[in-house]
Amino acid sequence: MSEPEFQQAYEEVVSSLEDSTLFEQHPKYRKVLPIVSVPERIIQFRVTWENDKGEQEVAQGYRVQYNSAKGPYKGGLRFHPSVNLSILKFLGFEQIFKNSLTGLDMGGGKGGLCVDLKGRSNNEIRRICYAFMRELSRHIGQDTDVPAGDIGVGGREIGYLFGAYRSYKNSWEGVLTGKGLNWGGSLIRPEATGYGLVYYTQAMIDYATNGKESFEGKRVTISGSGNVAQYAALKVIELGGTVVSLSDSKGCIISETGITSEQIADISSAKVNFKSLEQIVSEYSTFSENKVQYIAGARPWTHVQKVDIALPCATQNEVSGEEAKAFVAQGVKFVAEGSNMGSTPEAIAVFETARSTAAGPKDAVWYGPPKAANLGGVAVSGLEMAQNSQRITWTSERVDQELKRIMINCFNECIDSAKKYTKDGNALPSLVKGANIASFIKVSDAMFDQGDVF
Ligand code: GLU
């Protein structure tokens, strides 16, 4: 079976490990690869509902329960017309290792539905969520598998999915994360992926500049305009940076002076009603007061100038090798991924070469891979599970503080593992290799201890 996205995610992990001294130092770890690459279980099911025209529709639903050695399967649900098994296996595989880097007890999984929600009514979305959960509810539970959101699944969908689970199972439990604040959700969960991405990037800046620089005065290009992009942008603005771009699947917006937090608030409310950036820019007054340039059919990367930091926050494979070269040529020093597998292998190779061949940390290009840089979302999901178990709610200060601690710990672990297990590690450690090695060891050790690998 051809599974290009899964193959790409798998090859990235394998090439980091092969490039390291881990298998030389501890040959037993090689045995883990063929085992960990096969999901413990894949559930595929029919989802059917009545649309607003009174017609029956059908779509394919999935849950990939990839690895439960480190805790209940954990990972989001993606509702998008591109959803297929290759994409969910790549996301689930990535999730196993990402979750282990949070330091919390979570296994890895991913699921979704091959459907386009755009333009559908609220009522129809509710019927789709109930229909999806009718089958999924048999396979999940607070100690078994705890899904959350991903592309196409936000607070509204999580609400309907949770209501469906509660009614089918007669059980109010922490079976999903990203819940409403008034019914079991955690403060800072909506913000967590974007905020965490910025905290991780701040750790990269600290490391490269010896604590001398921050987001203050930096120009930042961001792609995407969903939950991750919105909160990353708001945090960048709060820390004194300038956000020069955002995008959606149809085009991008560029602002030389910086996209404002008021504009981001408008994007946030309009996107729930499936408005495109093109429509938002022409309809909302915040965009007539502060003009931005809209470019149809383009990603922002080659349209922005004098950029210091790039944060891809849209979807997989949206930075090509050529675009990565354009970043390096114009002096981008930090790239960190809010989306999963945003950079192609060619782009990662460009960034990694620009790191390893640099004269010193200040001249290098630092690439923060998704399984480390965007783990803030699932980390706060883990904290939501902890709060649900205790039946209490933490303050936003406490959650934010934990999130910061988790992101900085993860950064330090990436650095330490790269130093310990890679040949070029000491001078300019590779964060992508460090993340892959550190997480692979954690997951493998749990699998050895429990007899999954022997
Ligand atoms: N979909 C998010 C991710 O890619 C969050 C998953 C979760 O919170 O379980 O990490």
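The name given to the protein in an unreviewed UniProt entry is Glutamate dehydrogenase, with Saccharomyces paradoxus as the source organism. Turning to the protein, the UniProt record has this under Subunit (unreviewed entry): "Homohexamer." In the Sequence similarities (unreviewed entry) part of its UniProt record, the protein is described as follows: "Belongs to the Glu/Leu/Phe/Val dehydrogenases family."

Trainee: Give me the lowdown on the packing of helix α4 (residues 85-101) against helix α17 (residues 431-449), citing residues and values where you can.
Mentor: Contact geometry for α4 and α17: axes closest at 9 Å, N-to-C directions at 90 degrees. By the angle between their directions, the pair α4 and α17 is classed as roughly perpendicular. Only Ala 435, Ala 438, Ser 439, Phe 440, Lys 442 and Val 443 of α17 make contact with α4, whose side of the interface consists of Ile 96, Phe 97, Ser 100 and Leu 101. By residue class, the composition of the contact of α4 with α17 is 7 nonpolar, 2 polar and 1 charged.

Trainee: Can you explain the packing of helix α7 (residues 189-209) against helix α15 (residues 376-390)? Please cite residues and give values.
Mentor: It is the contact of α7 with α15, at a shortest axis distance of 7 Å, that shows an interaxial angle of 145 degrees. Remark: the crossing between α7 and α15 carries right-handed chirality. On the side of α7, the interface is formed by Arg 189, Ala 192 and Thr 193, while α15 contributes Gly 376, Gly 377, Val 378, Val 380, Ser 381 and Glu 384. In the contact of α7 with α15, the residues fall into 3 nonpolar, 4 polar and 2 charged.

Trainee: Give me the lowdown on the nonpolar core, citing residues and values where you can.
Mentor: Formed by 63 residues in total, the largest nonpolar core has its most connected members in Tyr 200, Ile 222, Ile 253 and Leu 311. Among the elements that make up this core, the one with the highest residue count is α7 (10 residues). Judged by nonpolar contacts, the second largest core, of 35 residues, contains Tyr 29, Val 64, Leu 91 and Val 443.

Trainee: Describe the UniProt feature "site: Important for catalysis" (unreviewed entry) in the protein, listing the residues and the values that go with them.
Mentor: As annotated by UniProt and renumbered to match this structure, "site: Important for catalysis" (unreviewed entry) occupies Asp 150. Along the chain, Asp 150 turns up in the loop between β5 (145-149) and α6 (155-169). In this structure the side chain of Asp 150 is engaged in a polar contact, spanning 2.7 Å, whose partner is the side chain of Arg 78.

Trainee: Residue-level account of helix α8 (residues 227-238), with values.
Mentor: The end-to-end C-alpha distance of α8, which contains 12 residues, comes to 17 Å, matching closely the 16 Å that a straight helix rising 1.5 Å per residue would cover. Every buried residue belonging to α8 is among Val 228, Ala 229, Gln 230, Ala 232, Ala 233, Lys 235 and Val 236, and all of these are buried. Contacts from the buried residues of α8 go to α7, β6 (219-222), β7 (242-248), α9 (261-271) and β10 (309-311). Backbone geometry just downstream of α8 places Gly 240 in the positive-phi region, at approximately 95 degrees.

Trainee: Before we move on, could you go through the site of the ligand and cite the residues and values that matter?
Mentor: The immediate surroundings of the ligand are formed by 13 residues, with Lys 74, Lys 98, Gly 149, Asp 150 and Ser 381 found nearest. Take Lys 74: an N or O atom from its side chain is 2.7 Å from an oxygen atom of the ligand. When isolated, the ligand has an accessible area of 290 Å², and the protein chains bury 93% of it. Mapped by element, the contributors of at least two residues to the shell around the ligand are β3 (73-79), α4, β5 and α15. Across the shell around the ligand, the residue classes break down as 2 nonpolar, 6 polar and 5 charged.

Trainee: Report on the sheet that holds strand β2 (residues 56-67), specifying residues and quantitative values.
Mentor: If you trace the 5 strands from one edge of the open sheet to the other, you get β1-β2-β4-β3-β5, paired in mixed fashion. Two strands in the sheet have a free side with no partner beyond their single neighbour: β1 (41-50) and β5. Strand-to-strand twist in this sheet, taken as the mean axis angle between neighbours without regard to direction, amounts to 20 degrees. Across 3 bridges, the pairing between β3 and strand β4 (residues 108-113) is parallel. When the bridges of β4 are listed, Leu 77 appears paired with Gly 111.

Trainee: Now, about the packing of aromatic side chains: what can you tell me, with residues and values included?
Mentor: For the structure on display, the rule yields 22 aromatic pairs. Judged by centre distance (5.6 Å) and plane angle (85 degrees), the ring pair of Phe 6 and Phe 93 falls under edge-to-face. Separated by 87 residues along the polypeptide, Phe 6 in helix α1 (residues 4-18) and Phe 93 in helix α4 bring together distant segments of the chain. Across the pair, exposure class does not vary: Phe 6 and Phe 93 are buried alike. Judged by centre distance (6.5 Å) and plane angle (80 degrees), the rings of Phe 23 and Phe 440 are edge-to-face. Here Phe 440 lies in helix α17 and Phe 23 lies in helix α2 (residues 22-25), a separation of 417 residues in the sequence. The burial state of Phe 23 is the same as that of Phe 440; both residues are buried. Within the aromatic cluster, the residues linked to one another by ring pairs are Phe 6, Tyr 10, Phe 23, Tyr 29, Tyr 66, Phe 93, Phe 97, Phe 440 and Phe 448. Above the plane of the ring of Tyr 195 lies Lys 235, whose end atom (NZ or CZ) is 4.3 Å from the centre.

Analysis parameters
- Residues numbered from 1 in each chain as written.
- Predicted model: local features only at pLDDT ≥ 70, side-chain atom pairs only at ≥ 80, totals over all residues.
- Heavy atoms only, no water.
- UniProt positions renumbered as here; feature names shortened; annotations may be inferred.
- Axes fitted to C-alpha atoms, helices over the stretch in contact; angles between N-to-C directions.
- Helix = DSSP H or I, 4+ residues; strand = E, 2+ residues; numbered from the N terminus.
- Parallel < 35°, antiparallel > 145°, perpendicular 65-115°, else oblique.
- Contact = heavy atoms within 4.5 Å.
- Nonpolar A, V, L, I, M, F, W, Y, C, P; charged D, E, K, R; others polar.
- Left-handed = near helix turned anticlockwise from the far one by under 90°.
- Core = buried A, V, L, I, M, F, W, Y, C linked by side-chain atoms within 4.5 Å.
- Buried < 20%, exposed > 50% of the residue type's maximum accessible area, 1.4 Å probe, protein only.
- Polar contact = N/O pair within 3.5 Å; in protein donor to acceptor, adjacent residues only side chain to side chain.
- Expected span 1.5 Å × (residues − 1).
- Near = heavy atom within 4 Å.
- Areas by Shrake-Rupley, 256 points an atom, 1.4 Å probe, with all protein chains shown as cover.
- Pairing = 2+ DSSP bridges.
- Phe/Tyr/Trp six-rings, centres within 6.5 Å; stacked < 30°, edge-to-face > 60°.
- Lys NZ or Arg CZ within 6 Å of the ring centre and 35° of its normal.

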